[in-house]
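Spelled out from the first residue to the last, the chains are:
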Amino acid sequence: MGRHPRRDLQAGLTVAIVALPLALGFGISSGMGAQAGLATAVVAGSVAAVFGGSGLQVSGASGAMTVVLMPIMTAHGVSGVLTVGVLAGLLLVGLALARAGRYVALVPAPVVAGFTVGIACVIGLQQIPHALGVPAAESDEVAVVAWHGLVDFLARPHWWAMSVTLAVAAVLLVGTSLRPTVPFSLLAVAAATVVAEVAGLPLARIGDLPAGLPAPSLAFLDPAALPSLVAPAIAVAALAALESLLSAAVADGMSRGRRHDPDRELFGQGLANLVTPLFGGMPGTGAMVRTAVNVRSGARSRLAALSHAVILAGIVYTAAGLVSKIPLAALAGVLLATSARMVEMDAVRAMFRSTRGDAVVLVLTAVATLTLDTVPAVILGLVVAGALALRAMARNVRLDPEPLRRDVRLQHTEDEHAVLAEHIVTYRLAGPLFFAAAHRFLLELSEVADVSVVVLRMSRVTTIDASGALVLGDAIERLERRGILVYVSGIPDGHHQPLEALGVIARLNQAGQVFATTTEAIAAARDRLHSTGVLPRLAG
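Residues numbered from 1 in each chain as written. Predicted model: local features only at pLDDT ≥ 70, side-chain atom pairs only at ≥ 80, totals over all residues. Heavy atoms only, no water.

Novice: Please give an account of the overall build of the chain that cites residues and values.
Specialist: Assigned secondary structure in the chain consists of 23 helices and 7 strands. When each of the 540 residues of the chain is scored for burial, the buried share is 52%. Put simply, 84% of the contacts in the chain that link residues at least 6 apart link residues at least 24 apart. The average position of the 38 basic charges and that of the 35 acidic charges among the side chains of the chain differ by 9 Å. (Helix = DSSP H or I, 4+ residues; strand = E, 2+ residues; numbered from the N terminus. Buried < 20%, exposed > 50% of the residue type's maximum accessible area, 1.4 Å probe, protein only. Contact = heavy atoms within 4.5 Å. Lys, Arg positive; Asp, Glu negative; His and termini not counted. Charge placed at Lys NZ, Arg CZ, Asp CG, Glu CD.)

Structure (structure tokens):
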């Protein structure tokens with residue numbers, strides 16, 4: 001933190017300017033109020049900056065978290081949200097101690113992209129009432145809130161709020177694309193506030209804000225309500241882990257030589273969510289927009305994120321009166337622009353061009369996020385992506401017939417080789433032999449033409465699970481019932497266990513029909529056919 005203090009302090013100031021309207025807007029969108037968003041930015045931002053696993057991550061209230069908190073706020077009120085924050089913090093610390101951070105990297109890119117698209121749509125719909133200057137309906141369904149807001153506006157149209165929202169959003173979108181380092185969000189909000197005050201525009205304002213943070217307290221905890229809040233806490237913890245680690249990964253990608261510690265990041269976010277509710281703040285996460293601004297502004301250490309929190313604390317204690325005059329329509333413009341910038345259209349288009357499966361997962365996750373909830377949407381996306389991956393893997397398993405190997409060690413003549421080829425067939429198994437591919441494998445192997453011996457070459461089998469082993473055993477039994485001898489060769493190291501545990505090759509081992517090489521298997525098959533009289537002993 002002492003190597004580049006000037007650059008870090010400048011970056012922290014820039015991030016604080018960007019974070020102020022976002023913190024206010026997300027606090028209001030969650031239903032807890034602007035002061036909760038500011039408390040989260042100050043407390044969670046400072047705690048996570050010190051104890052987190054990324055030196056460039058900036059934490060605070062996020063748009064995705066507001067989506068999860070809205071139904072909790074409706075059902076359990078402010079005390080319920082604060083309690084959920086504490087429980088989620090404990091869960092995150094537990095995940096960190098269990099070293100679960102590495103598994104977030106396994107989330108497929110289409111699931112992340114679809115989740116981001118869905119969250120952006122939800123944030124946009126949340127802003128409709130404020131953008132139109134009408135009261136928000138009492139509902140945790142954003143589509144219902146947006147529809148009622150539109151109906152109320154059409155019944156009594158007034159254009160000041162919409163004009164302010166569109167102007168602020170346009171300034172942010174156009175200005176940021178031209179000059180990314182300029183804090184257009186604060187400039188636009190400040191200009192809208194001045195114009196609204198001077199012109200006396202009839203716009204709803206943030207309202208009275210307390211000067212400073214409340215004294216820390218656990219008075220909100222209600223032991224009797226804890227059982228009903230466990231499930232929401234799991235959802236909040238899952239979202240906080242996912243968003244924070246993805247944001248930290250984005251910071252790594254934007255900087256050179258940076259690698260975050262995922263487990264330490266979960267620990268830092270857990271501590272932040274344990275402490276923030278004590279000061280009336282909402283659950284927080286690592287924030288992609290603010291983290292990206294931090295990196296682009298030249299941040300080099302944790303000092304930037306920490307100074308951003310300190311600067312916001314100074315605003316909370318000294319400028320609460322000015323902040324209370326900000327029109328809600330201006331904050332709606334900031335959040336609409338933020339939701340539009342969340343979606344990387346180039347990445348979305350690339351996934352649509354990639355494969356049909358990627359497009360399906362992206363769309364399904366986005367729609368589920370918009371219509372269901374965040375965590376169920378991610379789980380659904382993971383399940384579908386996993387099913388499609390299993391399907392693709394199942395298609396990779398092959399059962400290829402091969403011509404009988406000619407090997408000088410067998411020392412047979414051309415005539416004997418021709419006769420052997422009529423009675424012995426070899427098949428090479430390649431790829432994963434597991435439950436998703438087992439049925440197709442069974443059908444193919446059961447259709448083997450009438451021969452005397454089948455040699456199964458397994459050296460290129462990549463994995464075998466219990467289902468694959470059982471199907472292999474079933475196929476061998478079907479061939480043997482038809483009077484066909486089965487020899488197995490080249491079982492890779494590590495694949496013997498499922499075959500032996502399920503008794504698939506125990507009998508073949510006892511009968512001497514399992515070999516290390518195909519040459520040995522063919523030699524044994526030739527001797528067996530000669531000894532049983534199926535083949536005459538030819539001179540050679």
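Novice: Go over the sheet that holds strand β6 (residues 485-489) with me, naming the residues and quoting the values.
Specialist: Two orientations exist for strands paired in a sheet by backbone hydrogen bonds: parallel and antiparallel. With mixed pairing, the 5 strands of this open sheet are ordered in space as β3-β4-β5-β6-β7. Edge positions in the open sheet fall to β3 (398-402) and β7 (514-515), since each of these has one partner strand only. Contacting β4 (424-433), β5 (453-464), β6 and β7, helix α23 (residues 518-531) runs over the sheet at an angle of about 160° to β6. (Pairing = 2+ DSSP bridges. Axes fitted to C-alpha atoms, helices over the stretch in contact; angles between N-to-C directions.)

Novice: Would you mind going over the nonpolar core in detail, with residue names and values included?
Specialist: Counting residues in hydrophobic clusters, the biggest one holds 90 residues, and the most contacted among them are Leu24, Val168, Ile206, Leu209 and Val236. No other element matches the 16 residues that helix α3 (residues 63-97) contributes to this core. One finds Leu399, Val454, Leu456 and Ile464 within the second-largest nonpolar core, a separate group that totals 26 residues. (Core = buried A, V, L, I, M, F, W, Y, C linked by side-chain atoms within 4.5 Å.)

Novice: Report on the side chain of glutamine 513, specifying residues and quantitative values.
Specialist: Along the chain, glutamine 513 turns up in the loop between α22 (506-510) and β7. Every residue in contact with glutamine 513, bar those within four places of it in the chain, is listed here: Glu480, Leu485, Val486, Tyr487, Val488, Leu508 and Arg528.

Novice: Pulling in residues and values, what's your account of the side chain of threonine 40?
Specialist: Relative to the helices and strands, threonine 40 resides in helix α2 (residues 34-51). Residue threonine 40 is classed as buried on the basis of its relative accessible area, which comes to 0%. For threonine 40, the residues in contact, after removing those within four places along its chain, are Gly45, Gly60, Ala61, Thr276, Gly281, Met282, Pro283 and Gly284.

Novice: For a nonpolar patch on the surface, give the residues involved together with the corresponding values.
Specialist: A contiguous nonpolar patch, built from Trp147, Leu150, Val151 and Leu154 and spanning about 420 Å² of accessible area, is present on the exposed surface. Mapped onto the elements, leucine 150 comes out in helix α6 (residues 142-155). (Patch = residues over 30% accessible without salt bridge, like charges linked within 9 Å, V, L, I, M, F, W, Y side chains within 5 Å. Areas by Shrake-Rupley, 256 points an atom, 1.4 Å probe, with all protein chains shown as cover. Salt bridge = Lys/Arg side-chain N within 4 Å of Asp/Glu carboxyl O.)

Novice: How would you sum up the packing of helix α15 (residues 345-354) against helix α16 (residues 356-371)? Please name residues and give values.
Specialist: Direction vectors running N to C along α15 and α16 enclose 135°, while the axes themselves pass 6 Å from each other. Judged on the interaxial angle alone, α16 and α15 are oblique. Every residue of α16 that contacts α15 at Val348, Met351, Phe352 and Ser354 is listed here: Asp358, Ala359, Leu362 and Val363. Across the contact of α15 with α16, the residue classes break down as 6 nonpolar, 1 polar and 1 charged. (Parallel < 35°, antiparallel > 145°, perpendicular 65-115°, else oblique. Nonpolar A, V, L, I, M, F, W, Y, C, P; charged D, E, K, R; others polar.)

Novice: Outline the pairing of β4, listing residues and values.
Specialist: In terms of burial, β4 is a largely internal element, 10 of the 10 residues being buried. Pairing of β3 with β4, which is carried by 5 bridges, proceeds in the antiparallel orientation. For aspartate 400, the partnering residue across the bridge sits in β4 and is arginine 428. In this sheet, β5 lies alongside β4 in parallel orientation, the contact comprising 9 bridges. Opposite threonine 426, over in β5, you have valine 455 as the bridge partner.

Novice: Account for the packing of α16 against helix α17 (residues 374-396), with residues named and values stated.
Specialist: One can describe the packing of α16 onto α17 by two numbers: an axis separation of 8 Å at closest approach and a directional angle of 165°. Judged by the angle between their axes, α16 and α17 are roughly antiparallel. Of the two possible hands of crossing, α16 and α17 adopt the one that is right-handed. Across the interface between the two elements, Gly357, Val361, Leu364, Thr365, Ala368 and Thr369 of α16 pack against Thr374, Ala377, Leu380, Gly381, Val384, Ala385 and Leu388 of α17. The residue inventory of the contact of α16 with α17, partitioned by class, reads 8 nonpolar, 5 polar and no charged. (Left-handed = near helix turned anticlockwise from the far one by under 90°.)

Novice: Explain the packing of aromatic side chains residue by residue, including any values.
Specialist: Two numbers describe a pair of aromatic rings. These are the distance of the centres and the angle of the planes. Per the counting criterion, the structure on display carries 2 aromatic pairs. Taking the centre distance of 5.2 Å and the plane angle of 85° together, the rings of phenylalanine 153 and tryptophan 159 count as edge-to-face. Take tryptophan 159: its relative accessible area is 52%, and that puts it in the exposed class. Summarising the aromatic geometry, the rings of tyrosine 487 and phenylalanine 515 are spaced 6.0 Å apart at their centres and angled 25° between planes, so their arrangement reads as stacked. Here tyrosine 487 is found in strand β6, whereas its partner phenylalanine 515 is found in strand β7, with 28 residues between them in sequence. Like tyrosine 487, the residue phenylalanine 515 is buried in the burial classification. (Phe/Tyr/Trp six-rings, centres within 6.5 Å; stacked < 30°, edge-to-face > 60°.)

Novice: Summarise helix α14 (residues 328-342); cite the residues concerned and give the values.
Specialist: The terminal C-alpha atoms of α14 lie 21 Å apart, and with 15 residues this matches the ideal 21 Å at 1.5 Å per residue to within 8%. Extensive coverage of α14 is indicated by the burial of 11 of its 15 residues. For α14, the complete set of buried residues consists of Leu328, Ala329, Ala330, Leu331, Ala332, Gly333, Val334, Leu335, Ala337, Thr338 and Ser339. Contacts made by the buried residues of α14 are with α1 (5-30), α4 (109-126), α5 (128-132), α7 (160-178), α8 (184-199) and α11 (288-296). (Expected span 1.5 Å × (residues − 1).)

Novice: Explain the pattern of salt bridges residue by residue, including any values.
Specialist: According to the stated counting rule, one finds 6 salt bridges in the structure shown. With its nearest N and O atoms 2.6 Å apart, the salt bridge here joins arginine 349 to aspartate 346. Linking arginine 349 with aspartate 346, this pair stays in helix α15, spanning 3 residues, or about one helical turn.

Novice: An account of helix α10 (residues 262-275) is needed here, citing residue identities and associated values.
Specialist: For an α-helix, the turn length of 3.6 residues means that residues three or four places apart are oriented alike. Helix length check: α10, at 14 residues, gives a terminal C-alpha distance of 20 Å against a target of 20 Å (1.5 Å per residue), a fit within 8%. Buried within α10 are the following residues: Asp263, Glu265, Leu266, Gly268, Gln269, Gly270, Ala272 and Asn273. Measuring from the side-chain oxygen of the N-cap residue of α10 to the backbone nitrogen of aspartate 263 gives 3.2 Å; that N-cap residue is aspartate 261. (Polar contact = N/O pair within 3.5 Å; in protein donor to acceptor, adjacent residues only side chain to side chain.)

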